[in-house]
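Results of the structural survey
The primary structure of each chain is shown beneath.
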Amino acid sequence: MSIVLEAKHINKYFKKPVMFHVLKDINFQIKKGEFVSIMGKSGCGKSTLLYILSTMDTDYEGELFLNNKLITNQSREHLSYLRNKHIGFVFQFHYLLSEFSVLENVMLPAKKLAKKSHQEIEHDAMEKLKMLNIDHLALKRASRISGGEKQRVAIARALINNPSIIMGDEPTGNLDSHNAENVFNIFERLSNEQGLSLLVVTHDGDFAKKTDRIIQMEDGKIMT
Ligand SMILES: Nc1ncnc2c1ncn2[C@@H]1O[C@H](COP(=O)(O)OP(=O)(O)OP(=O)(O)O)[C@@H](O)[C@H]1O
């Protein structure tokens, strides 16, 4: 099976206030369609790692490959393009623009990519909303929908450019158990039916044990 994301010998140091070796020789691969969770105690380096994997932090040692292409040492502009095209993000807090409609929020990353017409983007956004059973919310303001609905809109937005991988930082951390299960089921369907890869940092052991594989971190290292 093809490899979507690969980390080779990733090391990271925070230099202030004192030199701190936060990530220690991180190596792993995420295959197409794999649903992987990252777990570990608070402070072990999960968010720092996700920042690097998502190309937002470029201050690290080692190599990162996205769809078998080396993406370390690329320009900020190119990384911004790669991120928008190939990586979808779902965070603990949805970061929707509250004054915009649900549909407009979902369309935004595709508008930024500027590869399709307004009509095509609107059509794609409606398809994603339908897939997540929230198309009836399309014209509502993002501020006027529930927390669980907002997280589904955030997932639709993450999917709009048909990314290779979705990265999540505690995507169910702010949801009740019913909505958390809902998000898990959506992710599982995307992985099984559409071959989308997912990499999710979570503190929720029940969520993690249902994923294909758990990457367990301890003190900046991968233990499993
Ligand atoms: N900008 C920074 N400068 C210095 N140290 C930092 C910085 N950001 C994070 N750290 C430290 O690096 C370590 C890893 O932080 P990180 O946020 O990656 O942990 P985490 O596993 O995601 O924790 P949590 O589960 O609480 O979110 C922690 O000890 C943290 O205090």
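These numbers come from a predicted model, not from an experiment. (Residues numbered from 1 in each chain as written. Predicted model: local features only at pLDDT ≥ 70, side-chain atom pairs only at ≥ 80, totals over all residues.)

Quick word on the overall build of the protein chain
Rule in force here: The way it works is that DSSP assigns letters per residue, a run of H or I at least four long becomes a helix, a run of E at least two long becomes a strand, and they are numbered from the N terminus. Exposure classification rests on a simple neighbour count of other C-beta atoms within 10 Å of a residue's own: a residue reaching 20 or more is buried, one at 12 or fewer is exposed, and one in between is partly exposed. C-beta atoms are placed from the backbone. Whether two residues are in contact depends on their C-beta atoms, placed from the backbone: they are in contact if these lie within 7 Å.
In terms of helices and strands, the protein chain carries 7 helices and 10 strands. The 224 residues of the protein chain split such that 41% are buried. Within the protein chain, counting contacts between residues at least 6 apart in sequence, those at least 24 apart form 72% of the total.

So, the site of the ligand
We count it as follows: Near residues are defined by distance alone, with the backbone-placed C-beta atom required to lie within 6 Å of the molecule or strand. Three residue categories are used. Nonpolar comprises Ala, Val, Leu, Ile, Met, Phe, Trp, Tyr, Cys and Pro, charged comprises Asp, Glu, Lys and Arg, and polar comprises the others, including Gly.
The immediate surroundings of the ligand are formed by Phe14, Phe20, Val22, Gly40, Ser42, Gly43, Cys44, Gly45, Lys46, Ser47 and Thr48. Across the shell around the ligand, the residue classes break down as 4 nonpolar, 6 polar and 1 charged.

Here's the deal with the sheet that holds strand β5 (residues 69-70)
Through backbone hydrogen bonds, the strands of a sheet pair up, either in parallel or in antiparallel fashion. Rules: Between any two strands, pairing holds if DSSP finds at least two bridges. A fitted line through C-alpha atoms represents every axis, and for helices the fit uses only the stretch in contact; the resulting angles, taken between N-to-C directions, go from 0 to 180 degrees.
Judged by pairing direction, the sheet is antiparallel, and its 4 strands sit side by side in the order β2-β1-β4-β5 without closing on themselves. Either end of the sheet is taken by a strand with one partner, and the two such strands are β2 (20-31) and β5. Its contacts with the sheet put helix α1 (residues 46-53) on β1 (3-14), β2 and β4 (61-66), and the angle it makes with β1 is roughly 125°.

Quick look at unusual backbone geometry
Most peptide bonds take the trans configuration, and most residues that are not glycine carry a negative phi. Put simply, Lys16 and Pro17 share a cis peptide bond, and its omega is 0°. Here Pro17 lies in the loop between β1 and β2. The backbone phi angle of Asn133 is positive, close to 60°, even though this residue is not glycine. Note that Asn133 resides in the loop between α4 (118-131) and α5 (147-159). On the neighbour-count criterion, Asn133 (12 C-beta atoms within 10 Å) is exposed. With a phi close to 50°, Asn162 is a non-glycine residue in the positive phi region.

Points about the UniProt feature "domain: ABC transporter" (unreviewed entry) in the protein chain
Stated formally: UniProt positions are given in the numbering used here, feature names are shortened, and annotations may be inferred rather than shown by experiment.
Here the UniProt-annotated "domain: ABC transporter" (unreviewed entry) positions come out as residues 5-223. The straight-line gap between the two end C-alpha atoms of residues 5-223 is 19 Å; of that span, 37% is helix and 26% is strand.

Remarks on the pairing of β1
The pairing of β1 with β2 spans 8 bridges and is classified as antiparallel. Its bridge partner being in β2, Leu5 is matched across the sheet by Ile30. Here β1 hands over to β2 after 5 residues, the two strands then running antiparallel side by side. Pairing of β1 with β4, which is carried by 5 bridges, proceeds in the antiparallel orientation. Its bridge partner being in β4, Glu6 is matched across the sheet by Phe65.

A word on the packing of helix α3 (residues 102-113) against α4
Quick note on the threshold: Here the word oblique covers every angle except those under 35 degrees (roughly parallel), over 145 (roughly antiparallel) and from 65 to 115 (roughly perpendicular). What makes a crossing left-handed is the near helix being turned counterclockwise from the far one by less than a right angle; a clockwise turn instead makes it right-handed.
Here α3 crosses α4 at 125°, and the two axes come no closer than 9 Å. Classified by the angle their axes make, α3 and α4 are oblique. In this structure, α3 crosses over α4, and the sense of that crossing is right-handed. Residues Leu103, Val106, Met107, Ala110 and Lys111 of α3 pack against Ile121, Glu122, Asp124, Ala125, Lys128 and Leu129 of α4. Partitioning the contact of α3 with α4 into residue classes produces 7 nonpolar, no polar and 4 charged.

A closer look at the confidence of the model for the protein chain
How we decide: What pLDDT conveys is the predictor's confidence in a given residue, as a value from 0 to 100.
Considering every residue of the protein chain, the mean pLDDT works out to 95; 100% of them sit at 70 or more. For this predicted complex, the interface score ipTM comes out at 0.97, while the overall pTM is 0.93.

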